[in-house]
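Remarks on the overall topology
Here's the letter readout for the chains.
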Amino acid sequence: MTDGGDGLESVTPLDGGLPMTARQEQFSLAFVRMIAAAAGCSIKSHETDYDGVDITIASSTEYETYYCPQFELQLKCTTQHDRLRDAHFAWKMERDPFLKLTHGKRYNEAFLGVLVIPRDDEPLVKLSEEGLLSSSRMYWEHARLLGDINDGATSKTVHLPRTNLFDVESLRSTMQRVGEGGVW
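Residues numbered from 1 in each chain as written. Predicted model: local features only at pLDDT ≥ 70, side-chain atom pairs only at ≥ 80, totals over all residues. Heavy atoms only, no water.

Looking at an unreviewed UniProt entry, one finds the chain named DUF4365 domain-containing protein and attributed to Lentzea sokolovensis.

Here it is, written out as structure tokens:
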């Protein structure tokens, strides 16, 4: 509590104290969980992201080729709006995580998703009786479409098309493609 000079004390809202990187991680997981639930899919958590992915998204539907298909997702979260271009979102990946995510012998299909959240001075969410609002959006791409990394390069900037928004429709469409044994 602070005294504003008028003899009245004002209450300073308490903050949970979670570091910003941990908040971003938790928010990106919650964002994906909301979209997955709305699409009728479930999430399988990983204890670590050592293999280059954070979560697995699964369906309980029978498709043409597979019953209960799933795919893996590497999540990133940023406030760096300056990475937005007209046609894509540019994201720099370090060599080792890039190689794990794009490894040609992955058993499950893999994707990279980057959640762009409001800047630090803007709220992550706004809640009212009308609903929950967030100006956050996630761009994503299949790992096989991220290209290759040059020998000796320590990182690679990948381009996630702005048309690849992670939403209910795109998740259902991707899950159907995985379930039908689609090729990227």
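Here the narrative resumes, following the displayed structure.
Taking strand neighbours across the sheet as the criterion, the five strands line up as β3-β4-β5-β7-β10 in an open arrangement whose pairing is mixed. Where the open sheet ends on each side, the last strands, each with one partner, are β3 (42-45) and β10 (137-142). Averaged over all adjacent pairs, the angle separating strand axes in this sheet is 30°, with direction ignored. Two elements, strand β7 (residues 109-116) and β10, share six bridges in a ladder whose sense is antiparallel. If you follow leucine 112 over to β10, its bridge partner there is glutamate 141. Where helix α1 (residues 20-38) meets the sheet, it contacts β3, β4 (55-58), β5 (70-78), β7 and β10, and its direction lies at approximately 140° from that of β5. (Pairing = 2+ DSSP bridges. Helix = DSSP H or I, 4+ residues; strand = E, 2+ residues; numbered from the N terminus. Axes fitted to C-alpha atoms, helices over the stretch in contact; angles between N-to-C directions. Contact = heavy atoms within 4.5 Å.)

Attention now moves to the environment of phenylalanine 111. With respect to the secondary-structure elements, phenylalanine 111 resides in strand β7. Classification of phenylalanine 111 as buried rests on a relative accessible area of 3%. Each C-alpha atom of the pair phenylalanine 111 and cysteine 68 lies 18 Å from the other, and the pair is 43 residues apart in sequence. Excluding residues within four positions of it along the chain, phenylalanine 111 makes contact with Phe71, Glu72, Leu73, Gln74, Leu101, Trp140, Glu141, His142, Ala143, Thr174 and Trp184. (Buried < 20%, exposed > 50% of the residue type's maximum accessible area, 1.4 Å probe, protein only.)

Next up on the list: helix α3 (residues 168-179). Between its terminal C-alpha atoms α3 stretches 16 Å, which fits the 16 Å expected from 12 residues at 1.5 Å a residue. For α3, the set of buried residues is Ser170, Leu171, Thr174, Met175, Val178 and Gly179. Each element contacted by the buried residues of α3 is listed here: α1, β4, β5, β7 and β10. Following α3 by one or two positions, glycine 181 has its phi on the positive side, about 75°. (Expected span 1.5 Å × (residues − 1).)

For β7, the buried fraction is high: eight of the eight residues fall into the buried class. Of the two faces of β7, the one holding Glu109, Phe111, Gly113 and Leu115 and the one holding Ala110, Leu112, Val114 and Val116 are both buried throughout. Two elements, β5 and β7, share eight bridges in a ladder whose sense is parallel. The residue bridging cysteine 77 from the neighbouring strand is leucine 115, located in β7.

Residues other than glycine seldom take positive phi values, yet cysteine 68 does so here, at roughly 60°. Position of cysteine 68 among the secondary structure elements: in the loop between β4 and β5.

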